[in-house]
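Residue strings, one per chain:
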Amino acid sequence: MADRNEQKWWKTSVIYQIYPRSFKDSDGDGIGDLNGIIEKLDYLEELGIDAVWLSPVCKSPQDDNGYDISDYQDIDPLFGSLQDMERLIKEAGEHGIKIIMDLVLNHTSDEHRWFLEAKKSKDNPYHDYYVWRDGEEGVLPNDMRACFGGPAWEWVPELSQYYFHQFSVKQPDLNWENEAVRREIYEMILWWMDKGVGGFRLDVIDQIAKEPDLKITGNGPRLHEFIRELSRETFQKGDIVTVGECWGADTERAKLYSAPDGSEFSMVFQFEHIMLDSVPGREKWDLAPLPFVKLKEVLNKWQCELQGSGWNSLFWDNHDLPRIVSRWGNDKEYRTESAKMLATVLHGMQGTPYIYQGEELGMTNTDYEIGEYRDIETLHMYEERLEAGYSKEEIMRSIHAKGRDNARTPMQWNCGEGAGFTDGTPWIRINGNYGEINAERELADPQSVFHYYKRLIHLRKEYPVFVHGSFQLLLEDDPNIFAYVREWEGVRLLVLCNFFGSETWCSLKEMWEGKKWLLCNYQDAENEEILRPYEARMILL
Ligand code: NOJ
């Protein structure tokens, strides 16, 4: 298979995710916007990232914070205008930063023109853009459930039909079987590519080929056929990065998605490692301790299997996930150390690393009251579980651990009122620790989490072993240490991390004695055989 991706820019890149609503508000309405992002381009350049993935900024009723798009070719006034977007693309480019858009192609908003037309009559040309089933009121086509609670079918009395929605009722699923839908989508994508965007992140793309009668949502029979056509008709016409969000991906599928011949995407987000701290087979809210040895096994599998035959995305955080320092680190006495350790484990691996806004500061989870949360998923789950008899305490424990708003509280820029995020009333409460954790403080402190991330990003550029090297996991069964070696053209790099808060003894001393330490999250090593709480090292062997 021809490796058309070998020299691609996104293999040496680090991508930064911005959740625009919570990044920087420039006009005092309490909601972040595009001009706010433009104000912070110097900050992003200083960090050293190559591209920014923007969560959706297109026109939207904001039922699911923009993941319900009503016009793919306009910007929501909350965030600015199309001119602002063009300016962002241009000015980011001048800072050496590409802009990656979030494409939500599985569904639209129910306020999208296509859906408004589709609802008018069964012979409307747009009717078949969505997924309908005839029926009787109250007798649903089947018992499928929507991700944000309730049935996946919604009755439209005027048509005596149900439409299908995998997410909220305001997010009707598009019918990818209809070629006209696919053509419209391709045109829209080419239009954005013409505007100079650097790529796309594709929302729940493995759910587009659904077969609701067979109760299939993810990995439908025509999935790869659709993706190949999409890629051929659009992405392959430019030098862009594409990353599919694929909850159902295993390594075999990921090799298709990220095949080196460039026939599908550049890479995918897979979630196997991220689901390990839930009770297997249950929902993410059903908490379980992290099985650490299993985490190593899973990441090792992804590293080894995709070597040479695909490409990994590396991430701990995003706008749907809790903050990693609170989740698998210690956001109290070892916040700085554990944030740096987690970054080391991730950035040492092969693939393209993603940093979610605030991760580079070691921002933490929230422990709000239910009335302070805004996320549709969290609020639905709260009601559903209360009704199902769960105690309020148990539900709140799940929300504090896994709720999506943990990641969505405003970016903490400084210790002033509004945390430097807004002069107005923020759309969601700012985390109370912004006086201590904020960008201004971290920029001024060479030992901060920010400066550590910056260093990691630079190392990736400096040493090709990060990009091309093979991966070998060491000490597989060690209950505390995450250790691996990367190797490329005679250069060997050891990554050695104590994943927990107690000291632990490491048997690998012979490997690193007398070698060059590239990075450590403690300033000086006293007894090198003992790894201190959350200690992380990168050593050239
Ligand atoms: C995945 C997105 O990341 C999430 O935020 C959104 O709610 C769903 N897809 C639906 O679009």
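Identification of the protein chain as Glucan 1,6-alpha-glucosidase from Hungatella effluvii is taken from an unreviewed UniProt entry. Heading Sequence similarities (unreviewed entry) of the UniProt record for the protein chain holds this comment: "Belongs to the glycosyl hydrolase 13 family."

Draft legend 1. Region of the structure containing the pattern of salt bridges. If you walk through the whole model with that rule in mind, you get 48 salt bridges. One salt bridge in this structure joins Asp102 and Arg201, with 2.9 Å as the shortest N-O distance. In this pair, Asp102 sits in strand β5 (residues 98–103) while Arg201 sits in strand β9 (residues 199–202), placing the two residues 99 residues apart along the sequence. Across the pair, exposure class does not vary: Asp102 and Arg201 are buried alike.

Draft legend 2. How the structure looks around the site of the ligand. As a structural note, the neighbourhood of the ligand is formed by 13 residues, with Asp64, Asp203, His319, Asp320 and Arg404 the closest of them. Separating an oxygen atom of the ligand from a side-chain N or O atom of His107 is a distance of 3.0 Å. In this structure, an oxygen atom belonging to the ligand sits 3.0 Å away from a side-chain N or O atom of Arg404. The residue inventory of the shell around the ligand, partitioned by class, reads four nonpolar, two polar and seven charged.

Draft legend 3. Region of the structure containing the state of the cysteines. Throughout the structure, instances matching the rule amount to zero disulfides. In this structure Cys246 is a free cysteine whose sulfur lies 14 Å from that of Cys147, the closest cysteine sulfur available. Given the relative accessible area of 0%, Cys246 is considered buried. Distance from the sulfur of Cys520, which forms no disulfide, to the nearest cysteine sulfur (Cys497) is 9.5 Å.

Draft legend 4. The packing of helix α10 (residues 335–347) against helix α15 (residues 449–462), seen in detail. Contact pair α10 / α15: the axes reach a minimum separation of 10 Å and the direction vectors enclose 15 degrees. Of the possible angle classes, the one that applies to α10 and α15 is roughly parallel. Of the two elements, α10 crosses α15, and the hand of that crossing is right-handed. Each of Thr336, Ala339, Lys340, Ala343, Thr344 and His347 in α10 lies in contact with α15, whose residues at this interface are Val449, Tyr452, Tyr453, Leu456 and Arg460. Among the residues making up the contact of α10 with α15, the classes are represented as six nonpolar, three polar and two charged.

Draft legend 5. Main features of unusual backbone geometry. The phi dihedral of Gln62 is positive, around 65 degrees, even though this residue is not glycine. With respect to the helices, strands and loops of the structure, Gln62 is situated in the loop between β3 (58–59) and β4 (71–75). Overall, the relative accessible area of 14% leaves Gln62 in the buried class. One non-glycine residue, Ser160, lies in positive phi territory at about 50 degrees. You can call Ser160 partly exposed: its relative accessible area is 36%.

Draft legend 6. Inspection of the sheet that holds β5 at higher detail. Ordered in space as β11-β10-β9-β5-β2-β1-β13-β12, the eight strands form an open sheet in which the pairing is parallel. Two strands bound the open sheet, and with one partner strand each, they are β11 (267–269) and β12 (313–314). For strand β1 (residues 15–18) and strand β13 (residues 352–356), the ladder comprises three bridges, and the chain directions are parallel. By the bridge assignment, Ile15 is partnered in β13 with Tyr354.

Draft legend 7. Up close: the packing of helix α11 (residues 376–387) against helix α12 (residues 392–402). The interhelical angle for the contact between α11 and α12, taken along N-to-C directions, is 155 degrees, at an axis separation of 10 Å. It follows that α11 is roughly antiparallel to α12 by the angle criterion. For the element pair α11 and α12, the recorded crossing hand is right-handed. Taken together, the residues of α12 that come into contact with α11 (itself represented by Thr378, Met381, Tyr382, Arg385 and Leu386) are Lys392, Ile395, Met396, Ser398 and Ile399. In terms of residue class, the contact of α11 with α12 is built from six nonpolar, two polar and two charged.

Here is what the cut-offs are and how they apply
Residues numbered from 1 in each chain as written. Predicted model: local features only at pLDDT ≥ 70, side-chain atom pairs only at ≥ 80, totals over all residues. Heavy atoms only, no water. UniProt positions renumbered as here; feature names shortened; annotations may be inferred. Salt bridge = Lys/Arg side-chain N within 4 Å of Asp/Glu carboxyl O. Helix = DSSP H or I, 4+ residues; strand = E, 2+ residues; numbered from the N terminus. Buried < 20%, exposed > 50% of the residue type's maximum accessible area, 1.4 Å probe, protein only. Near = heavy atom within 4 Å. Polar contact = N/O pair within 3.5 Å; in protein donor to acceptor, adjacent residues only side chain to side chain. Nonpolar A, V, L, I, M, F, W, Y, C, P; charged D, E, K, R; others polar. Disulfide = S-S within 2.5 Å. Axes fitted to C-alpha atoms, helices over the stretch in contact; angles between N-to-C directions. Parallel < 35°, antiparallel > 145°, perpendicular 65-115°, else oblique. Left-handed = near helix turned anticlockwise from the far one by under 90°. Contact = heavy atoms within 4.5 Å. Pairing = 2+ DSSP bridges.

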